Amino acid sequence: MTESPTDSRSAKEHIISFLKRLSPWTPSAEVKNKQLRPPRIGLALSSGGAKSLAHIGVMQVLEENNIPIHAVSGSSMGAYIGSLWATKHNAKQMLKLAAEMQDPNTMRKLADPVIPPIRGVFYGNKVKAQLARSIGTVTFEELDRKLLVIAANLDTYERIVFRKGSVLDAVHASCAMPGIIVPVEIDGMRCTDGGVVDPVPVGALKKFTDVDKIIAVSTVPTLQDIDTHLSAAETAEGEKEVELESWWQRALTILGSKINPGATGNMIDNLRRSLRASQIRMAHDSCLRADVSIHPISHGSQWHEYHQFEQFIELGRREATKAMPEIKKLLEPIPINDDETTEKSLVGMRVA
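About the cut-offs
- Residues numbered from 1 in each chain as written.
- Predicted model: local features only at pLDDT ≥ 70, side-chain atom pairs only at ≥ 80, totals over all residues.
- Heavy atoms only, no water.
- Helix = DSSP H or I, 4+ residues; strand = E, 2+ residues; numbered from the N terminus.
- Contact = heavy atoms within 4.5 Å.
- Areas by Shrake-Rupley, 256 points an atom, 1.4 Å probe, with all protein chains shown as cover.
- Buried < 20%, exposed > 50% of the residue type's maximum accessible area, 1.4 Å probe, protein only.
- Axes fitted to C-alpha atoms, helices over the stretch in contact; angles between N-to-C directions.
- Parallel < 35°, antiparallel > 145°, perpendicular 65-115°, else oblique.
- Left-handed = near helix turned anticlockwise from the far one by under 90°.
- Nonpolar A, V, L, I, M, F, W, Y, C, P; charged D, E, K, R; others polar.
- Salt bridge = Lys/Arg side-chain N within 4 Å of Asp/Glu carboxyl O.

As annotated in an unreviewed UniProt entry, the protein chain carries the name Patatin-like phospholipase family protein and comes from Rubritalea tangerina.

Engineer: Could you clarify how one ought to interpret the overall build of the protein chain in this entry?
Structural biologist: Broken down by element type, the protein chain carries 14 helices and ten strands. Here the contacts in the protein chain between residues at least 6 apart in sequence split such that 75% fall between residues at least 24 apart. Accessible surface, the protein chain: about 18000 Å² in total, of which carbon and sulfur atoms supply 55%.

Engineer: In this structure, what is going on with helix α4 (residues 77-86)? I would like to understand it.
Structural biologist: Given 3.6 residues per helical turn, the α-helix brings residues three or four places apart onto the same face. With ten of ten residues buried, α4 is to be regarded as a mostly interior element. Phi turns positive, to about 70°, at Lys88, one or two residues after α4.

Engineer: Honestly, the packing of α4 against helix α8 (residues 167-174) in this entry has me stumped. Any pointers?
Structural biologist: Between two packed helices, the angle of one axis relative to the other and the distance separating the axes together describe the packing. Where α4 contacts α8, the two axes come as close as 8 Å, and the packing angle between them is 155°. Taken together, the axis directions place α4 and α8 in an arrangement best described as roughly antiparallel. Note on packing geometry: the crossing formed by α4 with α8 is left-handed. Counting all contacts with α4, which are made through Ala79, Tyr80 and Ser83, the residues of α8 involved are Val167, Val171 and Ser174. The residue makeup of the contact of α4 with α8, split by class, is four nonpolar, two polar and no charged.

Engineer: Would you explain the side chain of Ser286 in this entry?
Structural biologist: With respect to the secondary-structure elements, Ser286 resides in helix α13 (residues 267-288). According to the relative accessible area criterion, Ser286 is buried, its value standing at 11%. If we skip the residues at most four places from it in the chain, Ser286 touches Asp198, Val200 and Val202.

Engineer: Mind showing me how you'd approach the pattern of salt bridges here?
Structural biologist: Oppositely charged side chains can pair when the atoms bearing their charge come close. Enumeration according to the criterion identifies ten salt bridges in this entry. Between Glu64 and Arg317 there is a salt bridge, and its shortest N-O distance comes to 2.9 Å. Placement of Glu64 in helix α3 (residues 54-64) and of Arg317 in helix α14 (residues 309-329) is noted, with a sequence separation of 253 residues between them. Take Arg317: its relative accessible area is 23%, and that puts it in the partly exposed class. Linking Lys322 and Glu319 is a salt bridge whose minimum nitrogen-to-oxygen distance equals 3.3 Å.

Engineer: Where do I start with the environment of Leu275 in this structure?
Structural biologist: As for its placement among the helices and strands, Leu275 is situated in helix α13. Along the sequence, Leu275 and Val197 sit 78 residues apart, while their C-alpha atoms lie 9.6 Å from each other. Residues in contact with Leu275, not counting those within four places in the same chain, are Pro178 and Val196.

Engineer: Whenever I open this one, unusual backbone geometry confuses me. Can you help?
Structural biologist: Backbone phi values are negative for most residues with the exception of glycine, while trans is the configuration of most peptide bonds. For the bond running from Ile115 to Pro116, omega is -10°, close enough to zero to count as cis. Relative to the elements of secondary structure, Pro116 occurs in the loop between α6 (104-109) and α7 (125-135). Unlike most non-glycine residues, Asn66 shows phi in positive territory, near 55°. Secondary-structure assignment places Asn66 in the loop between α3 and β3 (71-75). Here Tyr157, not a glycine, exhibits a phi torsion of approximately 70°, which is positive. Along the polypeptide, Tyr157 turns up in the loop between β4 (146-153) and β5 (159-162).

Now the structure itself:
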C-alpha cells in the first residue's frame, strides 16, 4: 500500500516531536548567559545663541526622569552649556546662570568691542571670563564627565573636535560667531563657531566616544519649516533681525544703517543668513543619525534675546517631555560584546 503525502508528513511531525521531548531546544549557553549592561547615552547640543538655552530645559527633564547621560557634545552655545554639565552643574544651577545673563547691565559689561571692527565686532574675552567664574580653568583631562567641543578651522575648513587642553579656550573658539566674535587662535589654528561645520554634533559622539545611543537636541529650523515657499518665507521672517535691535548692533548705531555691517541686508546680516541656510540642512542630516531627536525650535525669537531665557527653557522642557517615551526605550539593557573597549580609536588629536 502506497503511503500518502499526508501520512508521510504526519510521521515526520511525530518524529520531530519525539526528538524534541528527548532533547528540548534551549538557547545556546552563549546566548543564554550573555551579560547585559545599561546603555551609554550621549547628548548632542546644537548651536543657536540664546535659543539654545532650551538645552537647559531638556536637561531638567532628563534629570527629573533619571536619564543618565554618559557624554555630551556641543557647538557654540551648546558647547557653553555642555561645559557647565561637564563640570557638574545641574539644571537648576544653569537656570540661575541664565537668569544672570539676561540682565541688560550684565550683557553690556560683557561687550569688549574691537576698534576698528575689522576681524569682528567683539573679542569675546569677557564672555570667556564670565564662563571661567563658573567652571574655572579646568582641562578636558580633568573632567569627570565626557565632553566634546566643536569648532571650525578657518584656514583648512576642517571640523575641530576639542577633547584635550583648556575647556575655556575650546568653548571660546566654539562660540566665536563669524563676523561678530574675532576668531580664536589655538595651537596655530584660527578657530570659529562650531555651528559653521557641525551645528548638531551627533557624528562626533559616534566617532570619539563609546556611547551606544544618542539624543540630539536641535534649535535649528527643520527642513519641514522651509518645505514650501510659504513656510520658508514665514521661517525667514521669524528669524529676521530687527535693525539695530540687539545689544551688539546698538553699539554700531553711530555708523548708521548705510555702513553698519549688522544692519539688514548688510555684510554681517548676509553672512548670518547664508550660514543659517547651510545649517538647516546639516542639522537635518545629523538628527537622522541620532536615536531620538528633540526640536525645541522657537520661531519669532532672535538669537540674542537672552532676556527670554524662561521662554526658551520652558520650550526645551515641553519638547523633552513629549520625547520622553522614546527616550525611555533607550534604557533597555544591551549585551556586552567580547571585544568591547572603553575607548574608540581616535584619528588625530583634534581634527576630524
